[in-house]
Amino acid sequence: TEALAHGDMGLAVAALAPASVASALSLWGDGEQQSTYLPALVGEDIPAAALALHEPRALFDPSRPTTVARRDGGDYVLAGVKALVPLAEEARLLIVGAQIEARGPGLFLLETNGTGVLVKPTPGMGVRAAGTGEVLLQDVRVPAGALLGEGEPAIYAECVRRARLAWCALSVGTAQAVLDYVIPYVNDRVAFGEPISHRQAVAFAISDIAIELEGMRLATLRAASRADTGLEFAREVAVARTLCAEKGARIGSEGVQLLGGHGYVTEHPVERWYRDLQAVGVFEGALLV
């Protein structure tokens, strides 16, 4: 994830979204769910798929989704709106977060070709290559077998944590791209008879980026390591996300400032990285590790 984000965060999100669905099925899917969907997700012609947790409201709390799932006979009926869903217009399979009546939040497998699924593209300030959009669920009926992990709220909480960890990795990769770009720029850019990297303000700004980036990377790797070994990692994800959201946004801004007027124009990629890094503290879901 970090390596892909070093190239383009939006393309990384688009490329990794189907893998996120495969990861969720591997972690929490039962035998029938895995046999139904995993072969296509690991084949040659991988269908578009994504995780849909976010909702279009201020101060969204992923632990309290307003999208609801009510039981109706042997089925569930989903109603609500999911936002910032990558590959929204192309996705054939979504994993949707919804509040299950009298149980708490859970995850549902949703094939988008069903009745009542409406999609509207909503490109944001950054990660535009991800093709984000809103998905409106108008009393969409899914079988009880679409419920992932038997609807355990603990599995939903783990999904949120792993999704936040994925965004941390994206932040680290994009921030590294900023650092790798600005160092040769400030060394080559000459003003008042010398490279601007000779100015203390510039040199200290570069050093701060490198220091903050190292902290972001180590916090992310620590959380990922604990997740991989089956240890509790909620605290570690919270620390990593705070670092990556705040410091990542600052690194994006510093990258623009260090290029001066060049940082504002699309001739250089730092303005795109600046916009992309703002997403880390905003998006909930979309990817999963």
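Criteria and cut-off values
- Residues numbered from 1 in each chain as written.
- Predicted model: local features only at pLDDT ≥ 70, side-chain atom pairs only at ≥ 80, totals over all residues.
- Heavy atoms only, no water.
- Helix = DSSP H or I, 4+ residues; strand = E, 2+ residues; numbered from the N terminus.
- Buried < 20%, exposed > 50% of the residue type's maximum accessible area, 1.4 Å probe, protein only.
- Pairing = 2+ DSSP bridges.
- Contact = heavy atoms within 4.5 Å.
- Core = buried A, V, L, I, M, F, W, Y, C linked by side-chain atoms within 4.5 Å.
- Axes fitted to C-alpha atoms, helices over the stretch in contact; angles between N-to-C directions.
- Parallel < 35°, antiparallel > 145°, perpendicular 65-115°, else oblique.
- Left-handed = near helix turned anticlockwise from the far one by under 90°.
- Nonpolar A, V, L, I, M, F, W, Y, C, P; charged D, E, K, R; others polar.
- Patch = residues over 30% accessible without salt bridge, like charges linked within 9 Å, V, L, I, M, F, W, Y side chains within 5 Å.
- Areas by Shrake-Rupley, 256 points an atom, 1.4 Å probe, with all protein chains shown as cover.
- Salt bridge = Lys/Arg side-chain N within 4 Å of Asp/Glu carboxyl O.
- Lys, Arg positive; Asp, Glu negative; His and termini not counted.
- Charge placed at Lys NZ, Arg CZ, Asp CG, Glu CD.

Following the sequence through the fold, Arg235 ends up in helix H6 (residues 234-258). Given the relative accessible area of 56%, Arg235 is considered exposed. Taking the C-alpha atoms as reference points, Arg235 and Val256, separated by 21 residues in sequence, lie 32 Å from one another.

Here we come to the pairing of strand S5 (residues 104-111). For S5, the tally of buried residues reaches seven of eight residues, placing the bulk of the element in the interior. Relative to S5, strand S4 (residues 93-100) runs antiparallel, the two sharing eight bridges. Across the sheet, residue Ile100 finds its bridge partner in S5, namely Gly104. Note that S5 and strand S8 (residues 147-148) share two bridges and pair antiparallel. Each residue of the ladder has a partner; that of Phe108, found in S8, is Leu147.

Quick look at the environment of Ala166 now. Inspection of the secondary structure puts Ala166 in helix H4 (residues 153-188). Look at Ala166 and you get buried, because its relative accessible area is 1%. Ignoring anything within four residues of it in the chain, the contact list for Ala166 reads Thr1, Leu287, Leu288 and Val289.

Attention now moves to the nonpolar core. Among the nonpolar cores identified, the biggest contains 90 residues, and Leu107, Phe108 and Trp167 are the most heavily contacted of them. Ranked by size, the runner-up nonpolar core spans five residues in total, among them Leu165, Ala227, Phe233 and Val237.

With a phi angle near 55°, Leu59 is a residue other than glycine that sits in the positive phi range. For Leu59, a relative accessible area of 84% translates into the label exposed.

This part covers the packing of helix H2 (residues 9-28) against helix H3 (residues 31-41). Each pair of packed helices can be described by the angle between their axes along with the distance between the axes. One way to put it is that H2 packs onto H3 with a least axis distance of 10 Å and a crossing angle of 150°. The angle between the axes of H2 and H3 places the two elements in the roughly antiparallel class. Judged by the sense of rotation from one axis to the other, the crossing of H2 with H3 is left-handed. Across the interface between the two elements, Pro18, Val21, Ala22, Leu25, Ser26 and Trp28 from H2 touch Gln33, Gln34, Tyr37, Leu38 and Leu41 from H3. For the contact of H2 with H3, the class distribution of residues is eight nonpolar, three polar and no charged.

For the rest of this paragraph, the subject is a negative patch on the surface. A contiguous patch of negative charge on the surface is contributed by Asp30, Glu32, Glu150 and Glu152. Relative to the assigned elements, Glu32 resides in helix H3.

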